[in-house]
Amino acid sequence: MNLKNKTKTAIAGLLIMAMCLAACAHKQKENPYGPVVEKLGDEDAYAFLDMDYKNYVMVTSDGLYDTGTESQGAIYCTVYYYGKDGAVNLGTIMSDGTAYPISFSGDGIFAASGHGIEKYAISERDNQLYLKKAAYVAYDEDGNEHYTSVTDGKEMDSSEEEYEELAEEYRESQIIHFSYGADGCVNEIIEY
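Residues numbered from 1 in each chain as written. Predicted model: local features only at pLDDT ≥ 70, side-chain atom pairs only at ≥ 80, totals over all residues. Heavy atoms only, no water.

### Examining the side chain of T148
Its place among the elements puts T148 in strand β11 (residues 145–151). What makes T148 buried here is its relative accessible area of 14%. Beyond its immediate stretch of four places on either side in the chain, T148 contacts A134, A135, Y136, E155, M156, D157 and S158. (Helix = DSSP H or I, 4+ residues; strand = E, 2+ residues; numbered from the N terminus. Buried < 20%, exposed > 50% of the residue type's maximum accessible area, 1.4 Å probe, protein only. Contact = heavy atoms within 4.5 Å.)

### Details of the nonpolar core
Residues L49, V57, V59, V79, I93, I109 and I176 are the most contacted members of the largest nonpolar core, which totals 31 residues. Sorting elements by how many residues they give to this core places strand β1 (residues 45–49) first, with 5 residues. Apart from residues no more than four positions distant in its own chain, V79 is found in contact with V57, M58, V59, V88, N89, L90, G91, I93, I109, I122 and L129. With 10 residues, the next largest nonpolar core counts A112, I117, Y163 and A167 among its residues. (Core = buried A, V, L, I, M, F, W, Y, C linked by side-chain atoms within 4.5 Å.)

### A closer look at the sheet that holds β11
The strand order β12-β11-β10-β9-β8-β7-β13 describes an open sheet built from 7 strands, whose pairing is antiparallel. At either end of the open sheet lies a strand with only one pairing partner, and these are β12 (154–157) and β13 (174–175). (Pairing = 2+ DSSP bridges.)

### So, the pairing of strand β10 (residues 128–139)
Strand direction decides the pairing type here: strand β9 (residues 116–123) and β10, joined by 8 bridges, are antiparallel. Looking at the pairing, E118 lines up with A134 of β10. Linking β9 to β10, which pair antiparallel, is a turn of 4 residues; within it N127 sits at a positive phi near 55°. Across 7 bridges, the pairing between β10 and β11 is antiparallel. When the sheet's bridge partners are listed, K133 is paired in β11 with T151. What sits between β10 and β11 in their antiparallel hairpin is a turn of 5 residues, with G143 showing a positive phi close to 85°.

### Considering the sheet that holds β1
Strands sit in the order β6-β5-β2-β1-β14 across an open sheet of 5 strands; the sheet is mixed. In the strand order of this sheet, the two ends are held by β6 (86–94) and β14 (186–187), each with one partner. Where β1 meets strand β2 (residues 57–61), 5 bridges bridge the pair, whose relative direction is antiparallel. When the sheet's bridge partners are listed, F48 is paired in β2 with M58.

Put into structure tokens, the structure is as follows:
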């Protein structure tokens with residue numbers, strides 16, 4: 001073999017090794033939640049949410065029910081995100097009853113009650129779950145409505161219109177489908 005062929009062979013070998021290493025790294029990155037899934041109990045179901053984040057958001061719940069449109073919905077879930085510190089438990093989100101299943105959109109996870117809607121987001125920089133936006137209605141003893149809202153941690157007086165805007169976002173969001181196995185666990189936003 002001459003020097004030119006040895007050089008081509010060496011370069012080809014290095015390229016193949018680089019591609020193999022890249023493929024291994026990519027494959028490992030696709031399921032960074034494996035250790036979390038392994039620790040789930042028999043009653044725990046999970047879902048991966050395809051949102052506007054670098055990685056999937058993982059949610060788990062052991063309280064599934066049939067929502068009427070979704071047979072594996074939940075009113076509460078624990079949220080995990082894979083960031084610089086690995087897969088981290090960010091906390092729990094909870095709705096107030098089966099009329100308000102946990103749902104998601106590209107930029108938030110929703111919980112609701114008869115008197116409020118909350119939209120949670122993840123700070124990828126801090127690897128933390130936070131209340132991005134919320135709207136609430138309260139009634140005084142005379143039945144008069146009082147609206148408040150929270151935006152990026154600041155609570156303020158609000159209006160019925162702002163409440164209805166967030167309620168519409170919640171109605172248009174997608175109910176999370178939980179699964180007891182890998183089949184069907186990825187939730188993507190469905191465009192109608």
